[in-house]
Amino acid sequence: MQFNPRYSSLDSRLYHQQQPVPLRGAKPGHFNLHLAEELQWTEEEKQNWVEICSGQRTFQECAPLAMVYAGHQFGQWAGQLGDGRGLLIAQVLDRQGQTIDLHLKGAGPTPYSRMGDGRAVLRSVIREYLAGHALNALGVPSSNALGFTSSTQNIQRETLEPGAMLLRTADSHIRFGHFEWINQYAPELLRDFTYQCIEWHYPDCLKTQLPGLAFAEEVIKRTASMIAKWQLVGFAHGVMNTDNLNITGSTLDFGPYGFMERFRPGWINNHSDYQGRYSYQNQPSIAHWNLWIWLNNLIPLAEETEKEQFKEELTKCLEQFEPTFLEQYQFGLCQKMGLPEFHKDSMECGMAFLRILQSEQLDYTHSFIRLQQKEYKALRDDCLDIRQFDTFLTLYQQIREHQDTDKLDQAMQQVNPRYILRNHMAQKAIELAEQDDFSEVDRLFTLLSQPFVFQPETEKSEDLAPLPSDIPEIMVSCSS
């Protein structure tokens with residue numbers, strides 16, 4: 001690997017250096033060879049991946065560290081938080097020369113663990129490993145993972161569960177919550193920290209007259225784009241606290257996430273979210289709220305006499321969130337539908353299709369595949385309200401009538417996945433892995449590597465549809 005340990009160059013108040021505490025009896029779970037090669041791992045490092053992914057081996061070039069940050073959780077100020085069970089063990093260059101974080105999750109307690117034990121359990125590690133892999137293959141910016149290990153050491157949650165570690169990768173672990181911590185506890189660091197973030201992640205902003213303002217604009221745009229992509233693939237994060245969103249607009253911190261199956265806009269995938277704050281349909285508005293909190297922490301960048309003007313400029317930046325999100329979402333929905341984005345009725349037609357999916361409780365992902373494959377009769381047969389479907393289909397076919405349908409159909413094939421990570425698929429893999437059988441993890445990893453490609457030799461029938469309606473949905477909590 002080629003190391004670039006830049007985070008440790010920041011003020012030492014922003015982190016705590018310590019070594020990971022390995023679990024007893026580490027054993028291999030799964031390894032992402034393709035990602036290791038992208039990150040320029042040597043043959044020796046690839047052969048010793050279990051030692052690296054279980055915290056038994058660190059690197060002289062990088063001193064492992066836990067980051068400190070703060071945040072708003074479920075809309076309330078939570079004070080100081082931080083890496084309570086994870087360590088940034090290295091920063092390395094990928095083949096494109098981009099700096100990538102290697103973050104070891106489940107590495108033991110840190111000064112920021114609060115009441116936690118600093119550990120992760122196998123089920124949560126597998127869910128995060130597969131989710132990051134799935135989102136990256138779907139074209140959604142996300143953290144990924146090089147691999148995970150299980151162990152013979154049990155960890156207490158609701159019951160005793162196998163302990164595990166995950167070596168996560170991300171383009172940045174700098175969160176909105178970093179800025180909240182600095183403003184609350186070390187405001188004198190704000191300017192240097194912000195400009196270092198700009199230099200690392202948005203260097204073109206340094207060429208502008210107001211780099212801080214340009215930085216804000218770019219973070220807003222990237223966040224809006226990420227949320228639009230979540231909505232289009234039916235992904236719900238589950239815990240969109242300010243400490244769980246980063247400044248590069250890539251998905252981070254998988255807890256009780258889920259890929260929506262039957263189309264229910266108000267779907268809550270976290271059974272600890274009693275008010276539905278982080279439901280699927282609320283994600284755009286929550287992202288907007290989180291950005292508003294973050295922007296307030298940039299105001300001190302301005303001189304005292306210029307703060308009011310700077311606040312107004314930041315407000316104008318935030319006003320770009322909604323049009324950016326809508327542009328990305330509308331374009332993506334038209335692609336999924338095989339409709340021209342410039343047609344005046346395309347968006348209404350797309351919304352009509354979503355209303356059918358909602359009222360008929362049809363599977364979100366599979367319904368787009370049926371539309372793509374022109375299985376109109378099968379879709380119609382699944383509807384109780386036939387008139388509603390026929391009205392939609394008439395409009396749909398009218399819009400496509402004089403278009404280049406070959407081009408539109410090709411776009412559909414590139415954006416409509418056949419495979420998503422359904423909760424029951426992940427649960428099956430977890431149950432087998434807890435018996436030291438990682439074959440289902442490997443099958444899902446292979447399947448989700450090419451979600452748009454028909455894989456008859458790899459898929460199973462249960463990959464393609466929700467559980468029957470008489471079987472309770474799998475509920476996911478924040479416990480991990």
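The rules we used
- Residues numbered from 1 in each chain as written.
- Predicted model: local features only at pLDDT ≥ 70, side-chain atom pairs only at ≥ 80, totals over all residues.
- Heavy atoms only, no water.
- Helix = DSSP H or I, 4+ residues; strand = E, 2+ residues; numbered from the N terminus.
- Areas by Shrake-Rupley, 256 points an atom, 1.4 Å probe, with all protein chains shown as cover.
- Lys, Arg positive; Asp, Glu negative; His and termini not counted.
- Charge placed at Lys NZ, Arg CZ, Asp CG, Glu CD.
- UniProt positions renumbered as here; feature names shortened; annotations may be inferred.
- Buried < 20%, exposed > 50% of the residue type's maximum accessible area, 1.4 Å probe, protein only.
- Polar contact = N/O pair within 3.5 Å; in protein donor to acceptor, adjacent residues only side chain to side chain.
- Contact = heavy atoms within 4.5 Å.
- Salt bridge = Lys/Arg side-chain N within 4 Å of Asp/Glu carboxyl O.
- Core = buried A, V, L, I, M, F, W, Y, C linked by side-chain atoms within 4.5 Å.
- Phe/Tyr/Trp six-rings, centres within 6.5 Å; stacked < 30°, edge-to-face > 60°.
- Lys NZ or Arg CZ within 6 Å of the ring centre and 35° of its normal.
- Arc of directions from axis to C-beta.

Looking now at the overall build of the protein chain. For the protein chain, the count of helices and strands is 17 helices and 13 strands. When the backbone C-alpha atoms are referred to their principal axes, the protein chain occupies close to 65 × 60 × 40 Å. Counting every atom, the protein chain has about 20,400 Å² of accessible surface; 48% of that belongs to carbon and sulfur. Positive and negative side-chain charges of the protein chain, numbering 42 and 62 respectively, have mean locations separated by a distance of 2 Å.

Bringing the UniProt feature "binding site: ATP" (unreviewed entry) in the protein chain into the picture now. The UniProt entry lists G82, G84, R85, K105, D117, G118, R168, R175 and D253 under the feature "binding site: ATP" (unreviewed entry), expressed in the numbering used here. We classify D117 as partly exposed; its relative accessible area is 34%. A polar contact of 2.9 Å, which involves the side chain of D117, links it to the backbone nitrogen of R119. Residue contacts for R168: discarding those within four places in its chain leaves D101, L102, H103, K105, E128, S143, N144, A145, H173, R175, L252 and D253.

Burial runs high along helix α5 (residues 176–185): seven of the 10 residues are buried. Packing partners of the buried residues in α5 comprise β3 (65–67), β4 (70–73), β5 (76–80), α6 (190–201), α7 (211–233) and α8 (283–296).

Moving on to the pattern of salt bridges. Per the stated rule, a full pass over the model turns up 32 salt bridges. Connected via shared salt-bridge partners are D83, K105, E128, R168, R175 and D253.

Here we take up the nonpolar core. Counting 147 residues, the largest nonpolar core has Y7, W41, F179, F259, W294, F392 and Y396 as the members making the most contacts within it. Per-element tally for this core: the top contributor is α7, with 13 residues. In this structure F259 touches A134, L135, L138, V233, G234, F235, W267, I420 and L421, once residues within four positions along its chain are discounted.

Our focus in this paragraph is the environment of E188. Its location among the elements puts E188 in the loop between α5 and α6. Looking at E188, its side chain comes within polar contact range of the side chain of R13, at 2.6 Å.

With that settled, the discussion passes to the packing of aromatic side chains. Under the defined criterion, the tally for this structure stands at 30 aromatic pairs. Ring centres 5.1 Å apart and planes at 70° place the aromatic pair F179 and F193 in the edge-to-face group. Here F193 lies in helix α6 and F179 lies in helix α5, a separation of 14 residues in the sequence. Residue class for F179 comes out buried when judged on its relative accessible area of 0%. Pairing Y202 with F215 gives two aromatic rings, centres 5.6 Å apart and planes at 65°, and the pair type is edge-to-face. Of this pair, Y202 sits in the loop between α6 and α7 while F215 is found in helix α7, placing the two residues 13 residues apart along the sequence. Stacked on the ring of W289, the Lys or Arg R277 has its end atom at 4.8 Å from the ring centre. One residue, K336, lies across the ring of F368, its end atom 4.5 Å from the ring centre.

Our next topic: helix α15 (residues 405–415). Think of an α-helix as 3.6 residues a turn; residues three or four steps apart then line up on the same face. If you check which residues of α15 are buried, you get L408, D409, A411 and M412. One side of α15 holds all its buried residues, which, seen down the axis, span an arc of 155°. When the buried face of α15 is taken as reference, the exposed residues oriented beyond 90 degrees from it are D406, K407 and Q414. Each element contacted by the buried residues of α15 is listed here: α10 (321–337), α12 (364–372) and α14 (386–400).

With that settled, the discussion passes to the UniProt feature "binding site: Mg(2+)" (unreviewed entry) in the protein chain. Taking the UniProt record as the reference, the feature "binding site: Mg(2+)" (unreviewed entry) is found at N244 and D253. Mapping N244 onto the fold places it in the loop between β12 (235–236) and β13 (258–259). For N244, a relative accessible area of 10% corresponds to the buried category. Discounting chain neighbours no more than four positions away, the residues touching N244 are R175, H237, V239, L252 and D253. Only 2.8 Å separates the side chain of N244 from the backbone oxygen of V239, close enough to count as a polar contact. Tracing the backbone through its elements, the reader meets D253 in the loop between β12 and β13. The contact partners of D253, leaving out residues within four places of it in the chain, are R168, R175, H237, D243 and N244.

In this fold, Q455 is placed in the segment after α17 (439–449). A relative accessible area of 8% means that Q455 is categorised as buried. Those residues within four positions of Q455 in sequence are excluded, and the remaining contacts are Y419, T446, L447 and Q450.

A few words now on unusual backbone geometry. Positive phi, normally seen in glycine, also occurs at R114, with a value near 55°. Structurally, the position occupied by R114 is in the loop between β7 (99–105) and β8 (120–121). Although it is not a glycine, K374 sits at a positive phi angle of roughly 60°. Along the chain, K374 falls in the loop between α12 and α13 (376–381).

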